[in-house]
There are 2 protein chains.
Amino acid sequence: MAQTTVVRQSLKDQVKSILIDRLISGDLAPGDRIKELQVARELGTSQAPVREAIRCLETLGYVEHIPHVGAMVRVFNKGEIEEAYEVREALEVHSISLVREPLDALVSELDKHLDEMRAATRKRNIRMFTQADNAFHRSIVAYCGNATMLAMWDSLKVQMQVIATLIKASMPLDEVYSLHPPIVEAFRKHGRERASVLLRGHYTMLGGYWESTA
Amino acid sequence: MAQTTVVRQSLKDQVKSILIDRLISGDLAPGDRIKELQVARELGTSQAPVREAIRCLETLGYVEHIPHVGAMVRVFNKGEIEEAYEVREALEVHSISLVREPLDALVSELDKHLDEMRAATRKRNIRMFTQADNAFHRSIVAYCGNATMLAMWDSLKVQMQVIATLIKASMPLDEVYSLHPPIVEAFRKHGRERASVLLRGHYTMLGGYWESTA
DNA sequence: TTCCTTTCGATTATCGATAATGTATGGCTG
DNA sequence: CAGCCATACATTATCGATAATCGAAAGGAA
């Protein structure tokens, strides 16, 4: 049997997942309008679940909604992207100082993601690189053991991924990669505080790559 | 004329505002169920807008929603509260280092909130104290000029306020107050970095007050 | 009694239809 | 021809009703 259980997820959640997929894949690009009835007909549901899913995305900040007009995929300008990076940095820098000993588990996970990034660089697979890059930073936040912190970080991730899908071309992967090993090294040899210092300013270095698309 | 314009806000937004007010005022306490049709009848609307408002609160993390069962005001345990404080600290510490010169405007605003806190302490008005305390910390984040950062901070504020309304009694206001002036002083005399150091650990000192309600 | 099953009441989830609203079109007027 | 108003259209916002689902109460068997 291909299907072990029946679909046990509300229509709203299914619609939401589908829309997020389209957002990340770039199928829905910033500026695109999302029409409730159109999506409803497309997915074979009524307007209500679609509407709920969209409002959910709105609360999450992925789409912009104008009353009586409709929803459109949010357009992030350069400033907003930089802001998001700044918040990421704040969360990650603080998370590092909260990571509990022993640090071995985290370090080995970071190493794993470094491998993935190198592999992606060789293949020039930007999608894969972005995923590994995200996973690298996420694991730092995850290992501090603060679920609220991680939830906040995650709420920024989709924004980042939407962007990354958009401006794939302008990132020199090897340069971006080279920013990461020193952090792991500092972790391994000097502990949390030193790694924290290195992480600070990590994102400001990335700012330049967005210039062309401002 | 008492009313200058007609009500020009969607029912969903009105319902949402009303529910948030009830949350903050403690009218809706953690654990309380929120029934869609009941609220709808009470406010004279149909189920749909209420439903949307509730789902919005769900996404914001204020209510917990179980499919086919219903929504209830989220119960925060001690751990989650500490986590939220930790995130607040991360955002605020980082924000301080981003505040642009000159610092005069921020310092005078902080002074204003200190006054409010003192006044609230004299009157033993806990609600007022909480507001001033919140305003104090919020202005630090506001002055860094990062709207995304501020939005994140705000998303934690309602949680905090719900809690504060709950466990009003256990806070010795003068002690909580005394944590704040040194921060302003450090700001005035030694600049951002010194203030940043003082703010770090600010919230861990507050941890003890929640012990009794864990 | 205790456990399992069934039934019932309450509530949410979804639907289809209608009202409200904003935007674009085209004609009228100067 | 330009500017303005009215109309038509597209879309969202809201409604009332129905279907799906869950939890508790009632009933029966071991």
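To be clear, the structure that these remarks concern was listed above.
Here the structure is a predicted model, which means the values were calculated and not measured. (Residues numbered from 1 in each chain as written. Chains lettered and ligands numbered in written order. Predicted model: local features only at pLDDT ≥ 70, side-chain atom pairs only at ≥ 80, totals over all residues. Heavy atoms only, no water.)

Undergrad: Report on the layout of surface pockets, specifying residues and quantitative values.
TA: Quantified by volume, the largest pocket comes out at close to 1,200 Å³. Taken together, 42 residues make up the lining of the largest pocket; nearest its centre are Thr59, Leu60 and Ser155 of chain A together with Thr59 and Met152 of chain B. Every element with two or more residues in the lining of the largest pocket is listed here: α1 (11–25), α3 (47–60), α4 (78–96) and α7 (147–166) of chain A together with α1 (11–25), α3 (47–60), α4 (78–96) and α7 (147–166) of chain B. In terms of residue count, α7 of chain A provides more of the lining of the largest pocket than any other element does, 11 residues in total. The residue makeup of the lining of the largest pocket, split by class, is 19 nonpolar, 11 polar and 12 charged. (1 Å grid on protein atoms, 1.4 Å probe; cavity = no way out; pocket = protein on both sides within 12 Å on 5 of 7 lines; lining within 4 Å. Points joined across faces, edges and corners; volume = space filled by probe spheres on them. Helix = DSSP H or I, 4+ residues; strand = E, 2+ residues; numbered from the N terminus. Nonpolar A, V, L, I, M, F, W, Y, C, P; charged D, E, K, R; others polar.)

Undergrad: Residue-level account of the relation of the copies chain A and chain B, with values.
TA: Of the transformation superimposing chain A on chain B, the axial component is 0.0 Å and the angular component is 180°, with the fit at an RMSD of 0.0 Å. Considering both components of the superposition, the chain copies are consistent with a two-fold axis. When C-alpha distances to the rotation axis are compared across chain A, the minimum falls at Ala90 of chain A, with a value of 2.9 Å. Most of the interface of chain A is mirrored in chain B, where 100% of its interface residues again form contacts. (Least-squares fit on C-alpha atoms with pLDDT ≥ 70 in both. Contact = heavy atoms within 4.5 Å.)

Undergrad: Any details on unusual backbone geometry? Residues and values, ideally.
TA: Even without being a glycine, Arg124 of chain A presents a positive backbone phi close to 55°. Relative to the helices and strands, Arg124 of chain A is located in the loop between α5 (104–123) and α6 (126–142).

Undergrad: Before we move on, can you summarise the protein's contact with DNA strand D with the specific residues and values?
TA: As a matter of local geometry, DNA strand D sits amid 23 residues, with Lys35, Arg51 and His65 of chain A together with Leu11 and Ser46 of chain B nearest to it. A breakdown of the atoms of DNA strand D within 4 Å of the protein gives sugar and phosphate a share of 85%. Within the side chain of Lys35 of chain A, an N or O atom sits 2.7 Å from a phosphate oxygen of DNA strand D. Note that a phosphate oxygen of DNA strand D is positioned 3.2 Å from one of the backbone N or O atoms of His68 of chain A. (Near = heavy atom within 4 Å. Polar contact = N/O pair within 3.5 Å; in protein donor to acceptor, adjacent residues only side chain to side chain.)

Undergrad: Can you tell me about the packing of α1 of chain A against α3 of chain A, naming the residues and giving the values?
TA: Residue and element names in this part refer to chain A. Orientation of α1 relative to α3, taken along the N-to-C sense of each, is 55°, at an axis distance of 8 Å. With respect to their mutual orientation, α1 and α3 come out oblique. Every pair of crossing elements has a handedness; the one defined by α1 and α3 is right-handed. Contacts between α1 and α3 involve Leu11, Lys12, Val15, Lys16, Leu19 and Ile20 on the former and, on the latter, Pro49, Val50, Glu52, Ala53, Ile54, Cys56, Leu57 and Leu60. A per-class count over the contact of α1 with α3 returns 11 nonpolar, no polar and three charged. (Axes fitted to C-alpha atoms, helices over the stretch in contact; angles between N-to-C directions. Parallel < 35°, antiparallel > 145°, perpendicular 65-115°, else oblique. Left-handed = near helix turned anticlockwise from the far one by under 90°.)

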